[in-house]
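Read off the chains here:
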Amino acid sequence: AAATTAGGVVDPKEALKVKFQELQKEGKAAKEAAAAAVEAIRKMPSGPARVQRAGEIHDTRSEQEWRPLQSVGPLEDDLHSLLVSIRWRDQGWGNAKGCVRAVLRRDGAPCVAEVSLFGTAPHEPAQSRRYLDDIDGHKPSKGDTIAFEYMVGGGGGHQLH
């Protein structure tokens, strides 16, 4: 992922597509996923959106340790939804262990809740996207921080790019 911060506008068609795919991955039937995606997009505020990009990762430390990627916050208002997008891959062979999570921090607590975002990193370069409405049932609110962290994975030879 490239490192920049810029203003942007949320594309409703793209948001609908991402939310629909996310709901289908959760096991919802197409008709149910479509209805839920449309309802979620209707509730989204329109207009300018804040876009943040994390720096590129080229980590070859094969360890079972969470490392910081990017943080959003402290939030100025309650969070309605957040589109998280990543372009990534692992070492390209062997077991896949690399992953990314979102951690909700509130009132100084290091972890109120956490959620895995994309499963394990693929062997080939790919882009994954996900909308966050909450983090493990906890709605991010004014003053909270959402920290994004990654883990390369231990056992020798693992990488995350």
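This write-up is about the structure you can find in this document. On a predicted model such as this, the values are computed, not experimentally measured, just so you know.

1. A look at the overall build of the chain
Then comes step 1: A tally of helices and strands in the chain yields two helices and eight strands.
Then comes step 2: When the helices and strands of the chain are read in sequence order from the N terminus, they spell out β-α-α-β-β-β-β-β-β-β.
Then comes step 3: In the chain, buried positions account for 35% of the 161 residues.
Then comes step 4: The contacts of the chain with a sequence gap of at least 6 include a subset with a gap of at least 24, amounting to 75%.

2. Quick word on the environment of Ile86
Then comes step 1: For Ile86, the location among the structural elements is in strand 4 (residues 82-88).
Then comes step 2: By relative accessible area, Ile86 is classed as buried at 10%.
Then comes step 3: With sequence-adjacent residues up to four places away left out, Ile86 is seen in contact with Val100, Phe118, Ala126, Gln127 and Ser128.

3. Some remarks on the sheet that holds strand 8 (residues 145-151)
Then comes step 1: The strand order 3-8-5-6 describes an open sheet built from four strands, whose pairing is antiparallel. On the outer flanks of this sheet lie strand 3 (67-72) and strand 6 (109-116), each paired with one strand and no other. Direction aside, neighbouring strands of the sheet carry axes that sit 30° apart on average.

4. With respect to the pattern of salt bridges
Then comes step 1: Enumeration according to the criterion identifies six salt bridges in this entry.
Then comes step 2: Taking the shortest distance from any N to any O, the salt bridge between Arg106 and Asp144 comes out at 2.7 Å. In this pair, Arg106 sits in strand 5 (residues 99-106) while Asp144 sits in the loop between strand 7 (126-132) and strand 8, placing the two residues 38 residues apart along the sequence.
Then comes step 3: For Arg106, a relative accessible area of 23% corresponds to the partly exposed category.
Then comes step 4: Sharing partners across several salt bridges, the network here consists of Arg101, Arg105, Glu114 and Glu149.

5. Here's the deal with the environment of Ile146
Then comes step 1: As for its placement among the helices and strands, Ile146 is situated in strand 8.
Then comes step 2: For the pair Ile146 and Ser71, spaced 75 residues apart in sequence, the C-alpha to C-alpha distance is 5.6 Å.

6. With respect to the packing of aromatic side chains
Then comes step 1: As enumerated under the stated definition, the model contains one aromatic pair in all.
Then comes step 2: Look at Trp88 and Phe118: their rings are 5.9 Å apart centre to centre, the planes differ by 65°, and that puts the pair in the edge-to-face class. A residue pair is termed long-range when its members are at least 10 positions apart, and Trp88 in strand 4 and Phe118 in the loop between strand 6 and strand 7 qualify at 30 residues. Taken as a pair, Trp88 and Phe118 share a single burial class, namely buried.

Calculation notes
- Counting restarts for each chain: residues are numbered from 1 in the order of the written sequence.
- Per-residue local features are limited, in this predicted model, to residues with pLDDT of at least 70; the limit for side-chain atom pairs, both in listing and counting, is 80 or more; totals at the level of whole chains, interfaces and linings are taken over all residues.
- Note: side-chain values were computed over all heavy atoms of the structure, leaving out hydrogens and water.
- Strands are runs of DSSP state E lasting at least 2 residues, helices are runs of H or I lasting at least 4, and numbering of each runs from the N terminus.
- Three labels apply to residues, based on accessible area from a 1.4 Å probe with only protein chains included: buried if under 20% of the type maximum, exposed if over 50%, partly exposed otherwise in between.
- Here, residues are in contact when the closest pair of their heavy atoms is within 4.5 Å.
- When DSSP locates at least two bridges between a pair of strands, those strands are taken to pair.
- In this analysis an axis means a line fitted to C-alpha atoms, helices contributing only their contacting stretch, and an angle means the value between N-to-C directions, from 0 to 180 degrees.
- Any carboxyl oxygen of Asp or Glu that lies within 4 Å of a side-chain nitrogen of Lys or Arg is treated as forming a salt bridge with it.
- Two rings from Phe, Tyr or Trp (for Trp, the six-membered ring) form a pair when their centres are within 6.5 Å of each other. A pair whose planes differ by under 30 degrees is stacked, one over 60 is edge-to-face, and the rest are tilted.

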